[in-house]
Every structure is written in C-alpha cells, then in structure tokens.
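Here is how the chains run, residue by residue.
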Amino acid sequence: LLATVAAGEFTCQLLHLPYWYEKPSDLLMVGHHLFSAAIWPIAVAARRSHFFLANMLFYELSTPFMGLLHFFKGDGWKTTYAILGSLFTLAFVVARLCTLPFSAYAMYLTWDTWAIATPPAGSLPRWILVLEKVAVPLPALLNVYWGRLVVVGYMKAVLGGKQKKGKGA
C-alpha cells in the first residue's frame, strides 16, 4: 500500500515540476521520479522485492524536508531554511546513506532470487526479472551520488556562513 501511495506521490511531484526543477542536474531527479512511479507498482503487483521497496520507502524520510526547503527560500526565512536544511541532511544521511551497507548485504543474500537468468516454469515474465536486476541496485547508486552533493552542500553552507562572519570581524 505504501509503495503504491509513494508512486502516486512521485507522480504528483512530477505534476509540480516547475516549482522544484531548478537546474539541469535536476533531470536525474525527474528520471528517478518517472522510474519509481512506474516500477514500484509493478513490483507490488508482481509480489517481488518487498524488502527493497520498504527500504526505498524509508529513503523517502528525507523527502518532506527537501520539499519544504523549496517553500522557505528567501531572506525572511533564513532560520527556518537552516533548520529544514539541517533536518533534510540528517534524514538523508540516516535514511539513505547509513542503510547502504545493509542494502548491499541484502542484495548479496537475495542474489539468487532476483538475479536468475531464466525464470522457472510458471514464474514471472522474463521482462520483470530483467527489470528487477536494474531497479534493485539503482537507488543505492543514486543515493551515493546525491549523498555526496547533499553532504558537501551542507558543509559549504555551514562553513561558508562561519567564514563570512570571521572576515567581517
């Protein structure tokens, strides 16, 4: 149920693309939303990868903070923006980066169930199994990429603010 609701939420975010699409690098986020909105319901219907879907739902713990950051930009919201940025970074690191070793270990443990070359008789169609091979590790790879951007961006904001104060003193 939650995976299906999240897929709907991804679709709704795509409908509001003009509000959060800010730079060409956000195109990766658009692809992520399109892919997740399509793949998660397929996985639910196929009754596959439930652990990985639950893990990916946990990743979305940081999403509300990221969304709120877009509404609280500007000079009048500096404190709120700083708090939301800190909460977003904390949630991102805890939910998306700290879980990477567990996700990798789960992929290793379940390798034979989702990485089989030929589906057994009466099993799922081959295209679902092939799609699963691509879809399961993809979020971990995206989170490594985005994690670096989030942590480096946060550190620049924190250290940059201190450097500005130090120069004026």
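The rules behind the values
- In this convention, every chain numbers its residues from 1, walking through the sequence in written order.
- Thresholds applied to this predicted model are a pLDDT of at least 70 for local features of residues and 80 or more for the giving and counting of side-chain atom pairs; totals over whole chains, interfaces and linings are not thresholded and use all residues.
- The basis for every side-chain value is the complete set of heavy atoms in the structure, and neither hydrogens nor water enter the calculation.
- Secondary structure is summarised from DSSP: a helix means a run of H or I of at least four residues, a strand means a run of E of at least two, and numbering begins at the N terminus for each.
- Using a 1.4 Å probe on the protein chains alone, a residue whose accessible area is under 20% of its type maximum counts as buried, one over 50% counts as exposed, and one in between counts as partly exposed.
- Contact criterion: two residues are considered in contact whenever any of their non-hydrogen atoms come within 4.5 Å of each other.
- What sets the accessible areas is the Shrake-Rupley method with a 1.4 Å probe; for residues, cover comes only from the shown protein chains.
- For a helix, the expected span equals 1.5 Å multiplied by the residue count minus one.
- One fitted axis covers the seven residues ending at a residue, a second covers the seven starting there, and the bend at that residue is the angle between these axes.
- Salt bridge criterion: a side-chain nitrogen from Lys or Arg within 4 Å of a carboxyl oxygen from Asp or Glu.
- In this analysis, axes come from line fits to C-alpha atoms, helices being fitted only over the stretch in contact, and the angle between any two N-to-C directions falls in the range 0 to 180 degrees.
- Each helix crossing is assigned a hand: it is left-handed if the near helix lies turned anticlockwise from the far helix by less than a right angle, otherwise right-handed if that turn is clockwise.
- Polarity classes work like this: nonpolar for Ala, Val, Leu, Ile, Met, Phe, Trp, Tyr, Cys and Pro, charged for Asp, Glu, Lys and Arg, and polar for all others, with Gly in that last group.

**Things to note about the overall build of the chain**
Helix and strand counts for the chain come out as 10 helices and 0 strands. Traced from its N-terminal end to its C-terminal end, the chain shows the element sequence α-α-α-α-α-α-α-α-α-α. By the burial criterion, 34% of the 169 residues in the chain qualify as buried. A separation threshold of at least 6 residues defines the contact pool for the chain, and within that pool the share at least 24 residues apart is 67%. For the chain, the accessible surface area stands at approximately 10600 Å², while carbon and sulfur atoms represent 73% of it.

**A few points about helix H3 (residues 27-46)**
Here H3 spans 28 Å end to end across 20 residues, near enough to the 28 Å set by a 1.5 Å rise per residue. Ser-36 marks where H3 bends most, by close to 25°. All buried positions along H3 are accounted for by Met-29, Val-30, His-32, His-33, Ser-36, Ala-37, Ile-39, Trp-40, Ala-43 and Ala-46. After H3 finishes, the residue Arg-47 shows a positive phi value of roughly 60°.

**Notes on the side chain of Ser-36**
With respect to the secondary-structure elements, Ser-36 resides in helix H3. The exposure class assigned to Ser-36 is buried, which follows from its relative accessible area of 7%. Excluding its chain neighbours within four sequence positions, the residues that come into contact with Ser-36 are Ala-7, Phe-10 and Pro-41.

**A few points about the pattern of salt bridges**
A complete count under the given rule lists 1 salt bridge for this structure. The partner of Arg-96 in a salt bridge is Glu-60, with the nearest N and O atoms 3.4 Å apart. Of this pair, Arg-96 sits in helix H6 (residues 78-97) while Glu-60 sits in the loop between helix H4 (50-59) and helix H5 (63-71), placing them 36 residues apart in sequence. Classification of Glu-60 by relative accessible area gives buried; the value is 14%.

**A short note on the environment of Gly-85**
Tracing the chain through its elements places Gly-85 in helix H6. Since its relative accessible area comes to 14%, Gly-85 is described here as buried. Sequence separation between Gly-85 and Met-66 is 19 residues; the distance between their C-alpha atoms is 7.7 Å. Setting aside residues no more than four positions away along its own chain, Gly-85 makes contact with Leu-69 and Tyr-154.

**Examining the environment of Trp-146**
In this fold, Trp-146 is placed in helix H10 (residues 138-168). Here Trp-146 falls in the buried class, since its relative accessible area comes to 10%. With 118 residues separating them in the primary sequence, Trp-146 and Leu-28 have C-alpha atoms 9.8 Å apart.

**So, the packing of H3 against H4**
Across the interface, H3 lies against H4 with an axial gap of 10 Å and an inter-helix angle of 145°. Crossing hand, H3 versus H4: left-handed. Along the contact surface, H3 presents Trp-40, Ala-43 and Val-44, while H4 presents His-50, Leu-53, Met-56 and Leu-57. When grouped by side-chain class, the residues that make up the contact of H3 with H4 number 6 nonpolar, 1 polar and no charged.

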